[in-house]
Amino acid sequence: MEKMTGIMAGWLIMSATEAKKDYGFVVENGKIVEIVPNEKLLGKEGVIDARDSIVCPTFTNTHTHFYETLAHGATEPNLSLKPLLEDFWWPVVENRQTLETIRISTEYSALESMTSGVTLCNDILEAPFAERGKRLLTEEAVIRKAGMKAVLSLESNERISTENGYENLEENKNFILKMRETGNSDIRGTICTHTTFSCSTPFLMKAAGMARDMDEYIQIHMNEGPDEDKCCVDKYGMTTAELYKKIGFWEGGKAWANQCSCMEPVELNIMGQMGVGISTQPRSNALCNAGIAPVADMLKNGIKVGLGTDNGEGNFYENMRYLVLMQMGKNYSKHALTPLQGFQIATEGGAFGLGYTDVGCLKEGYSADFQILTGNAAIQLTEKNVVAEVFWRKDPKDIKKVYVNGNLICQDGHSVNLDDERIRKDFSECVREFWKGQPYQD
Ligand SMILES: [Zn+2]
């Protein structure tokens, strides 16, 4: 396939707040080197002609679990988070993961992500009994073949045993070091632990110290619904964010908290001051009885916010709209979170929160990670309304092509590098086998 050297776009969306008509860009070594009017690119070798299309940045899914796609078709019990984990997710799903289920669910999630315009995923794998030392490498092999970007980590807690938790922390550390050897951050690791009810404070402090020693991100699940704050207040006499502050967990400026749907004002204040980033999962929170996160208040506190799905599948455009609509409803205001803010969170906001300074915009110096969308619109598009039009009315079916580092990875809903047909067949066989003889099927 001819190497792309640039693109001419009908509309070029450079970021949530900047769009230009009849502009394109020049690409060298996978990076955007210049934004130029289309006429400067006309007739040049390797330039894609998308003058009938809208070209915009791809999305970052800042919190997902590829393996959760295996719960496809299962019915979760109607419980709050802690009993839901104890009765369902831990024994029925996570403890039964193998390298094979990890590979198949990662392949399926990669397809689902790229066909939804997502090219960077922050995945947390929870598989305490799958073969040690190979779990993250199994995911990495799939993501690399797909041509996508990812931050991959293994959840480490003490619910099986403290020893199991430490082994998982060690696998994260080894993976971080191995990925650093590649010389780029297309696939990275982080240190990852879990919650204040599945980990002791010495374990959490050890994990945070490990991340600081490596100058790496540390991530947790936090306050997914009201259970964790309640447990923390009962056990430690303070909220979750206050406990983390007390044990020095937030020190270092590279902490990333996933969920945070039930937050006290004091917690948002602390996390804003300590430079903690948050991934919010509006759709998943609603489905899991976890409430609606105070995203508008997070932004007011200066917190970096990203958008996640919690599950390796689904329509990311839809998730982006849920994010904004739920904030409008929760705050009784159309202005609580605007479409442009929602688009910003789904693109550069999330990527930046995870430490990427060259992902999520189409500007000089950024990676050429972009999607080509159908250019049709019922309204007259202008520089002022084109982002909102994409936000409200585009969907995965409108994505014609997806590129990462200037390489085509997805075209007309099909992966360029993965065998879609074989993967979808393997996935459905795996799901059927996984749930054979199990309850939770109605
Ligand atoms: Zn999660």
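Residues numbered from 1 in each chain as written. Predicted model: local features only at pLDDT ≥ 70, side-chain atom pairs only at ≥ 80, totals over all residues. Heavy atoms only, no water.

(A) Region of interest: the side chain of His63. For His63, the position within the fold is in strand E6 (residues 59-64). Among the polar contacts made by the side chain of His63, one reaches the side chain of His65 at a distance of 3.1 Å. Residues within four places of His63 in sequence aside, it is in contact with Asn122, Ile124, His221, Asn258, Gln259, Ser279, Gln281, Leu307, Gly308, Thr309 and Asp310. (Helix = DSSP H or I, 4+ residues; strand = E, 2+ residues; numbered from the N terminus. Polar contact = N/O pair within 3.5 Å; in protein donor to acceptor, adjacent residues only side chain to side chain. Contact = heavy atoms within 4.5 Å.)

(B) Quick look at the sheet that holds strand E8 (residues 149-154). Strands sit in the order E6-E7-E8-E9 across an open sheet of 4 strands; the sheet is parallel. If you trace the sheet from one side to the other, it starts and ends with E6 and strand E9 (187-189), each paired once. Across this sheet, the average inter-strand angle for adjacent strands is 10 degrees, counted without regard to direction. Bridging between E6 and strand E7 (residues 118-125) involves 4 bridges; their strand directions are parallel. Opposite Thr64, over in E7, you have Asp123 as the bridge partner. Seen against the sheet, helix H4 (residues 162-180) touches E8 and E9 and runs at an angle of roughly 145 degrees to E9. Contacts from helix H12 (residues 339-353) reach E6 and E7, with the element oriented near 75 degrees to E6. (Pairing = 2+ DSSP bridges. Axes fitted to C-alpha atoms, helices over the stretch in contact; angles between N-to-C directions.)

(C) Main features of the coordination of the zinc ion. At the metal site, the zinc ion is ligated by His63 (NE2), His65 (NE2), His221 (NE2) and Asp310 (OD), and these contacts range over 2.1 to 2.5 Å. Note that the zinc ion binds 4 donor atoms; their angles at the metal cover 80 to 167 degrees, and the shape is irregular. In the primary structure, the donors to the zinc ion are separated according to the pattern H-x1-H-x155-H-x88-D. Within this pair, whereas His65 is found in the loop between E6 and helix H1 (81-93), its partner His221 is found in strand E11 (residues 218-222), the two being separated by 156 residues in sequence. Just as His65 is buried, His221 falls in that class too. (Donors = N, O, S within 2.8 Å, 3.2 Å for Na, K, Ca; no water. Tetrahedral: all angles 85-135°; square planar, octahedral: opposite > 155°, others 65-115°. Buried < 20%, exposed > 50% of the residue type's maximum accessible area, 1.4 Å probe, protein only.)

(D) Region of the structure containing the packing of aromatic side chains. This structure, assessed with the given rule, holds 14 aromatic pairs. Aromatic pair Phe25 and Phe370: ring centres 5.4 Å apart, planes at 80 degrees, arrangement edge-to-face. Note that Phe25 is positioned in strand E3 (residues 23-28) and Phe370 in strand E15 (residues 370-374), a separation of 345 residues in sequence. Here Phe25 and Phe370 have matching classes, each one buried. Arranged with centres 5.4 Å apart and planes meeting at 75 degrees, the rings of Phe434 and Trp435 form a pair that is edge-to-face. With respect to class, Phe434 is no different from Trp435; both count as buried. Cluster of aromatic residues (ring-pair linked, three or more members): Phe59, Phe316, Tyr317 and Phe343. The ring of Phe434 carries Arg96 above its face, with NZ or CZ at 4.1 Å from the centroid. When the ring centre of Trp435 is taken as origin, the NZ or CZ atom of Arg96, which lies over that ring, is 6.0 Å away. (Phe/Tyr/Trp six-rings, centres within 6.5 Å; stacked < 30°, edge-to-face > 60°. Lys NZ or Arg CZ within 6 Å of the ring centre and 35° of its normal.)

(E) The arrangement of the state of the cysteines in detail. Within this structure, the stated rule accounts for 0 disulfides. Looking at Cys121, it has no disulfide partner, and the nearest cysteine sulfur is the one in Cys410, 13 Å off. Considering cysteine sulfurs only, Cys192 is the nearest to Cys199, which forms no disulfide, with 9.2 Å between them. (Disulfide = S-S within 2.5 Å.)

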